[in-house]
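Letter by letter, the chains look like this.
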Amino acid sequence: MDAELLYKKLLAHLQARTSKANSPFLLAGLAIGGAWIAERLARDLGLPNYGVINVAFHRDDYAEKGLAAMRSADSMATHLPFEVAGAHIVLIDDVLLTGRTVRAALNELFDFGRPASVDLMVLADRGKRELPIAADFVGEHVSVPDHQILALEKHSSDANSDQYTFRFVLEERA
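Residues numbered from 1 in each chain as written. Predicted model: local features only at pLDDT ≥ 70, side-chain atom pairs only at ≥ 80, totals over all residues. Heavy atoms only, no water.

Quick look at helix H2 (residues 33-45)
Note that an α-helix has 3.6 residues per turn; residues three or four places apart therefore point the same way. End to end, H2 covers 18 Å across 13 residues, agreeing with the expected 18 Å (1.5 Å per residue, within 8%). Counting buried residues in H2 gives 10 out of 13 residues, a clear majority hidden from the surface. Along H2, the positions that sit buried rather than exposed are Gly33, Gly34, Ala35, Trp36, Ile37, Ala38, Arg40, Leu41, Ala42 and Leu45. Of the residues trailing H2, glycine 46 is marked for its positive phi of about 70 degrees. (Helix = DSSP H or I, 4+ residues; strand = E, 2+ residues; numbered from the N terminus. Expected span 1.5 Å × (residues − 1). Buried < 20%, exposed > 50% of the residue type's maximum accessible area, 1.4 Å probe, protein only.)

Structure (structure tokens):
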């Protein structure tokens, strides 16, 4: 699975949507992988900004993960540099699995206002839903063994450059 190719599918979909004058939208990516995608999409589409949503405080497994979940997410706090109320939001994540992270993201988003609509866009959909959540646009449906995690990595050829590419790696579940 080529994460760059999937990214280009997402970009083409949003470019087609941008060409329709009656469908303005704002981007909000889930920390961390979705935020990377939203950042690059905003740049490639010439959008003035994008939002980042941190789901740490809305996770339904907070009791299990506790402050460890908070510390890992501290580096990327929720930041929505636009008015959420009445906006058409495209929520972006790297991998959709159970739907629980998206549920948490929606809770966080609604803490900032009530959008007119929310579309979900993901690079990869692994299935295995535990909640009735489906992406409006999927780069690719994938099958990965349950004992593995599909993780997005961001690679830059130059440490001082804002240009980067994406790559998926499989990791063993802890």
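Considerations on the pattern of salt bridges
Tallying each qualifying case throughout the model produces 9 salt bridges. The salt bridge involving glutamate 39 is made with lysine 154; its shortest N-O contact spans 4.0 Å. Here glutamate 39 is found in helix H2, whereas its partner lysine 154 is found in strand E6 (residues 148-155), with 115 residues between them in sequence. A relative accessible area of 28% places glutamate 39 in the partly exposed class. By relative accessible area, which is 35% here, lysine 154 ends up partly exposed. The salt bridge involving aspartate 146 is made with lysine 128; its shortest N-O contact spans 3.4 Å. Of this pair, aspartate 146 sits in the loop between strand E5 (137-141) and E6 while lysine 128 sits in the loop between strand E4 (117-125) and E5, and the two are 18 residues apart along the sequence. (Salt bridge = Lys/Arg side-chain N within 4 Å of Asp/Glu carboxyl O.)

Interpretation in functional terms is not warranted from these geometric data alone.
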